Amino acid sequence: MSTTAFYIGCAIWGYKDWVGDLFPPGSKSGDLLALYSRRLTTVEGNTTFYAVPNLEVVQRWAAETPESFRFCFKIPREISHSGHLARKTGETLAFVERMSGLGERLGPFFLQLPASYGPAQIDDLARWLVDWPAGYQVAVEVRHDDWYAAPGEADLMRLLEQRGAGRVLMDVRPLSAGPLPGAEENLQRARDNKPDVPLHPLCSSNFALVRYIGHPDLDLNAP
C-alpha cells in the first residue's frame, strides 16, 4: 500500500508571541527553530526571498532540526522578480547549491512569479525549468489573472507536468470570510498584499504545495 505524507507548518518559525503557548515560557530566540521543528513538520522559508543565508547558517539549521523536518524555500527575488528567468540560471544553481547542505530536510523550493509575469512569458519559464537541477523539487506560484483561465492555465499545467514541477495552490478564501478585529491592523495590511486569485486544486506532479492564508477567527476557517 502506498502512503502519502502530509507536512504542516507556518510561514515563519520565530514568532515571539508563540512563547508561552506553542513554545515553553522563557524560550530564547535562538532556540525557536529547534522547538518549532519538534512541533510542526515543515516551514515556509520566506526569508530567502530577501537574502540568501551563508553556509554556516544553513549548517546550523540542519543541526537544529530532525531529519524528518522539511524546509520549503522561496526562490530569491533577484531571480524571480528581476526580468527574464532564463538569464538567472547561474544564480538559481548557486542558490540551490547553497541550500543543499540541508540534505533530506529540503522540501520543495517554490518560485513565486510577480503579477506582471503572464502567459506571454511561458517560454522564459520553460527555459528556466529546463535548467532546474535534477534531484530537487520545485513548485511554481503564479499571480497573473490569465494563468487562471484558458488557454494560459492549460499551457502552464502541461509545462509543469512535462518538467515534473509542482504548482503552488494559493488559498486566500478566508480573507473574505469576515472582518479582522481592530487590533489586527498589521495583519490586515499583510493580508492586503496577498493576491486575490481563485483556488484551482490542480496537481501537476507527485506533490502539492498549498499556501493557506487563515483568518484569526478559527470558526471562519472551517468551511
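Just above sits the structure.
Parameters at a glance
Residues numbered from 1 in each chain as written. Predicted model: local features only at pLDDT ≥ 70, side-chain atom pairs only at ≥ 80, totals over all residues. Heavy atoms only, no water. Helix = DSSP H or I, 4+ residues; strand = E, 2+ residues; numbered from the N terminus. Rg over C-alpha atoms; globule rule 2.2 N^0.38 Å. Buried < 20%, exposed > 50% of the residue type's maximum accessible area, 1.4 Å probe, protein only. Areas by Shrake-Rupley, 256 points an atom, 1.4 Å probe, with all protein chains shown as cover. Lys, Arg positive; Asp, Glu negative; His and termini not counted. Charge placed at Lys NZ, Arg CZ, Asp CG, Glu CD. Pairing = 2+ DSSP bridges. Arc of directions from axis to C-beta. Contact = heavy atoms within 4.5 Å. Axes fitted to C-alpha atoms, helices over the stretch in contact; angles between N-to-C directions. Phe/Tyr/Trp six-rings, centres within 6.5 Å; stacked < 30°, edge-to-face > 60°. Lys NZ or Arg CZ within 6 Å of the ring centre and 35° of its normal. 1 Å grid on protein atoms, 1.4 Å probe; cavity = no way out; pocket = protein on both sides within 12 Å on 5 of 7 lines; lining within 4 Å. Points joined across faces, edges and corners; volume = space filled by probe spheres on them. Nonpolar A, V, L, I, M, F, W, Y, C, P; charged D, E, K, R; others polar.

A. Spatial organisation of the overall build of the chain. Looking only at helices and strands, one finds eight helices and seven strands in the chain. On C-alpha atoms alone, the chain measures out to a radius of gyration of 18 Å, which is about the 17 Å that the 2.2 N^0.38 rule sets for 223 residues. Taken along the three principal axes of its C-alpha coordinates, the chain extends 50 × 45 × 45 Å. A buried classification covers 42% of the 223 residues belonging to the chain. Of the accessible surface of the chain, which amounts to about 12400 Å², a share of 52% is contributed by carbon and sulfur atoms. Separation of charge centres in the chain, based on 22 positive and 27 negative side chains, amounts to 4 Å.

B. Fine view of the sheet that holds strand β1 (residues 9–10). With respect to topology, three strands assemble into an open sheet ordered β1-β2-β3, the strand pairing being parallel. Sheet topology places β1 and β3 (70–73) at the edges, where each strand pairs with a single neighbour. Pairing of strand β2 (residues 42–45) with β3 involves four bridges; the strand directions are parallel. Looking at β3, one finds that Thr-42 is bridged to Arg-70.

C. Just helix α4 (residues 89–99), in detail. Listed as buried for α4 are Thr-89, Thr-92, Phe-95, Val-96 and Met-99. Down the axis, α4 shows its buried residues gathered within 125 degrees of arc, on one side only. The inward-facing, buried residues of α4 abut α2 (55–64), β3, α3 (77–80), β4 (109–112) and α5 (122–130).

D. Main features of the sheet that holds β4. Within the open sheet, the four strands sit side by side as β4-β5-β6-β7. Their pairing is parallel. Every interior strand has two partners, whereas the edge strands, β4 and β7 (209–212), have only one. Neighbour to neighbour, the strand axes of the sheet diverge by 30 degrees on average, direction disregarded. Each of β5 (138–141) and β6 (166–171) is contacted by helix α6 (residues 152–163), which is oriented at about 130 degrees to β6, the strand it contacts most.

E. Summary view of the packing of aromatic side chains. Under the criterion given, the structure shown has 15 aromatic pairs. With a centroid separation of 6.1 Å and an interplanar angle of 80 degrees, the aromatic rings of Trp-13 and Phe-71 are classed as edge-to-face. Linking Trp-13 in the loop between β1 and α1 (32–36) with Phe-71 in strand β3, this pair joins segments that are 58 residues apart in sequence. With a relative accessible area of 18%, Trp-13 lands in the buried category. On the basis of an interplanar angle of 70 degrees and a centroid distance of 5.5 Å, the ring pair of Phe-109 and Trp-132 is categorised as edge-to-face. Here the residue Phe-109 occupies a position in strand β4, and Trp-132 occupies one in the loop between α5 and β5, the gap between them amounting to 23 residues. Just as Phe-109 is buried, Trp-132 falls in that class too. Every member of this aromatic cluster is reached through a ring pair, and the members are Trp-13, Tyr-15, Trp-18, Phe-23, Tyr-36, Trp-61, Phe-69, Phe-71 and Phe-73. Seen from the ring of Phe-49, Lys-74 lies directly overhead, with NZ or CZ sitting 4.8 Å from the centre.

F. Molecular detail of the layout of surface pockets. There is about 180 Å³ of room inside the second largest pocket. Along the walls of the second largest pocket sit 13 residues, with Val-52, Pro-76, Glu-78, Ile-79 and Glu-91 positioned nearest its centre. Broken down by secondary-structure element, the contributors of at least two residues to the lining of the second largest pocket are α3 and α4. Broken down by class, the residue content of the lining of the second largest pocket amounts to eight nonpolar, one polar and four charged.

G. View of the environment of Ala-139. For Ala-139, the location among the structural elements is in strand β5. Ignoring sequence-local partners within four residues, the contact set of Ala-139 consists of Phe-109, Phe-110, Leu-111, Gly-166, Arg-167, Val-168, Phe-207 and Leu-209.

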